[in-house]
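Structure assessment
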Amino acid sequence: MAKKFLQTPQGMPDILPKEQIFFERVLAVVKDFAHFYGFKKIDTPILEFTELFEKGIGYSSDIVEKEMYTFETRGGDSLTLRPEGTAPIARVYLQHGMQNLPQPLKLYYWGSFFRHERPQEGRYRQFHQFGFEVLGEQSPAIDAQVVQLSYRILEALKIKPLTILINSIGCNLCRPYFKKVLKNYYNARAGQICPDCKKRLKKNPLRVLDCKEEKCQQVKNQAPKIIDHLCEECKNHFREVLEFLDEVHLPYILDHYLVRGLDYYTRTVFEIVPVDVSDFGKGKEFEAGSQATLVGGGRYDDLIKLFSRKEVPAMGSAGGIERIIKEMKLGGERLPHSKGPAIFLAQLGDLGKRKSLKLFEDFQKAKILVAESFGRDSIKSQLKIADKLRVKYTLILGQKEALDGTIILREMESGRQEIMKLDKVVDMMKKRLKR
Ligand code: HAM
């Protein structure tokens, strides 16, 4: 067995060079869409004060209760590796006085996030997300736009099929009453639910709808639906969101028990899953919140108020990049590997090596990719590498050529060689590569 310290920590995989092309593709598409939809990029630190997440995500959420990487610094502060990106954005908004900028403020980000979960396929302890947040606007058009943007990104990455699961969890006016109704329903069935749900019922009754235990699922199937208890404003808001989605022909399913695992949500919540919309209702339903959910998000109108008493309605979403890449691969997406260099630069002798270093820089300035092996001295071993790299041309700069101000060009396939002027070689090669 390999020594433990020579392994990555559990659930924190390396992203090897062969995987990078998929990450680059996802990020390129995200960047493109973000730009088009008017989002500005933001980076926040990997660490934040623990209290930000405790208050923002909610003390009774799974993330805060059992999944955070928290430690005390030498200075005595409690910091946490960010488990998600929305609470940090709320902090950014307040810390930098962004309410004074034109609203709505649209920000996007990507990076590593950390949750101490049970690692399994699609569920890691270090994973990557991209996220979109719109702050300072309460129109349902924004909810629809965030859903649309998230969906279109997955579509552009050629992920098929896709379905949006959507629900409204009301506001602080209508939700407290629904919580009571839900509590009464579950209390009457206390013998049929798991011990965790009994605790959830006391701390935050909505969380029982998130439980994955088989017996709790059965109880959930008959549970009261929040949609029947929404206030007029929440009902109208949700209706308009759905009308906007209809307008742009997005395939959604009303998931009456979708509540999402973070406490900051109000009104719209949604998830996008890789399932055909026509498969719902045929026993092939997809479990919301499971490890195949690609994007999740919703409205969080009360989050900033929680920190500052400022009323700043907001809406956002985040996508799990590893899960998205898995789906891209399942769909047979094979991305072309970036093209390797067409030229190999071989050198011989001290002067040849020195001039090669300079020539290599000239090629770099001309943006022509050139491979080299300056560490090797024998021409034979350098040509072997050139062969392996399958370059079209090798340039050979030996002692004699360096003195003459020339260089040998070898066409690898035919073995034909010619002599060129050293100070003209970059231009000449540029022309040849265009042929
Ligand atoms: P979330 O649902 O916790 O929401 O995460 C968003 C997405 O990140 C998930 O749908 C999933 O694709 C991915 N993800 C989450 N946990 C893991 C994991 N352990 N391993 C791999 N992928 C994972 C949020 O984080 C909210 N901040 C989204 C949001 C933004 N809501 C409003 N604005």
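Predicted model only: the values in this text are computed from it and were never measured.

Before going further, it helps to spend a moment on the domain arrangement of the protein. Annotation of the protein at the domain level lists domain 1 (9-174 + 230-330) and domain 2 (343-433). Just the C-alpha atoms count here: the centres of domain 1 and domain 2 sit 50 Å apart.

Once that is clear, we can look at unusual backbone geometry. Peptide bonds are trans in most cases, and residues, glycine excluded, mostly fall at negative phi. Looking along the chain, the bond that leaves Gln103 and enters Pro104 is cis, with omega of -5 degrees. Looking at the element boundaries, Pro104 is found in the loop between helix H4 (86-95) and strand S5 (105-114). Of note, the phi angle at Arg267 is positive, near 55 degrees, even though the residue is not glycine. Within the fold, Arg267 resides in strand S9 (residues 266-273). For Arg267, a relative accessible area of 11% gives the class buried.

Taken as a whole, helix H7 (residues 195-203) has its buried residues at Cys197, Arg200 and Leu201. Along the long axis of H7, the arc covered by the buried residues comes to 105 degrees, so they all point the same way. Turned more than 90 degrees off the buried face of H7, the exposed positions are Pro195, Lys199, Lys202 and Lys203. Here the buried face of H7 lies against helix H3 (62-67), helix H6 (175-187) and helix H8 (214-220).

Counting 101 residues, the largest nonpolar core has Leu135 and Tyr186 as its most contacted members. The contacts of Leu135, once residues within four sequence positions are left out, are Ile89, Tyr93, Gln103, Pro104, Leu105, Leu107, Tyr300, Ile304, Val312, Pro313 and Ala314. Membership of the second largest hydrophobic core comes to 17 residues, among which are Ile343, Tyr393, Leu395 and Val425.

Moving on to the site of the ligand. Around the ligand lies a shell of 26 residues, among which Glu84, Glu117, Tyr124, Glu133 and Tyr265 are the nearest. Here Glu117 contributes a side-chain N or O atom positioned 2.6 Å from a nitrogen atom of the ligand. Residue Tyr264 places a side-chain N or O atom 3.0 Å away from a nitrogen atom belonging to the ligand. Here the ligand, which alone exposes 650 Å², has 96% of that area covered by the protein.

Here we take up a positive patch on the surface. Taken together, Arg376, Lys380, Lys384 and Lys388 make up a surface patch of like positive charges. Along the chain, Lys388 falls in helix H13 (residues 379-388).

Along the chain, Phe280 falls in the loop between S9 and strand S10 (295-299). Separated by 117 residues in the primary sequence, Phe280 and Thr163 place their C-alpha atoms 9.4 Å from one another.

Let's shift gears to the packing of aromatic side chains. Tallied over the full model, the rule gives 12 aromatic pairs. Between Tyr108 and Phe132, the ring centres sit 6.0 Å apart and the planes meet at 20 degrees, which makes this aromatic pair stacked. Taken together, the residues Tyr108 in strand S5 and Phe132 in strand S6 (residues 126-135) connect sequence positions 24 residues apart. Take Tyr108: its relative accessible area is 6%, and that puts it in the buried class. Accessibility expressed as a relative area gives 0% for Phe132, which makes it buried. By way of ring pairs, the aromatic residues Phe39, Tyr108, Trp110, Phe130 and Phe132 are connected into one cluster. Over the ring of Trp110 we find Lys41; its NZ or CZ atom is 4.6 Å from the centre of that ring. A cation over an aromatic ring shows up here: Arg82 above the ring of Phe113, its NZ or CZ 4.4 Å from the ring centre.

Parameters and conventions
Residues numbered from 1 in each chain as written. Predicted model: local features only at pLDDT ≥ 70, side-chain atom pairs only at ≥ 80, totals over all residues. Heavy atoms only, no water. Domains from an automatic or database assignment. Helix = DSSP H or I, 4+ residues; strand = E, 2+ residues; numbered from the N terminus. Buried < 20%, exposed > 50% of the residue type's maximum accessible area, 1.4 Å probe, protein only. Arc of directions from axis to C-beta. Contact = heavy atoms within 4.5 Å. Core = buried A, V, L, I, M, F, W, Y, C linked by side-chain atoms within 4.5 Å. Near = heavy atom within 4 Å. Polar contact = N/O pair within 3.5 Å; in protein donor to acceptor, adjacent residues only side chain to side chain. Areas by Shrake-Rupley, 256 points an atom, 1.4 Å probe, with all protein chains shown as cover. Patch = residues over 30% accessible without salt bridge, like charges linked within 9 Å, V, L, I, M, F, W, Y side chains within 5 Å. Salt bridge = Lys/Arg side-chain N within 4 Å of Asp/Glu carboxyl O. Lys, Arg positive; Asp, Glu negative; His and termini not counted. Charge placed at Lys NZ, Arg CZ, Asp CG, Glu CD. Phe/Tyr/Trp six-rings, centres within 6.5 Å; stacked < 30°, edge-to-face > 60°. Lys NZ or Arg CZ within 6 Å of the ring centre and 35° of its normal.

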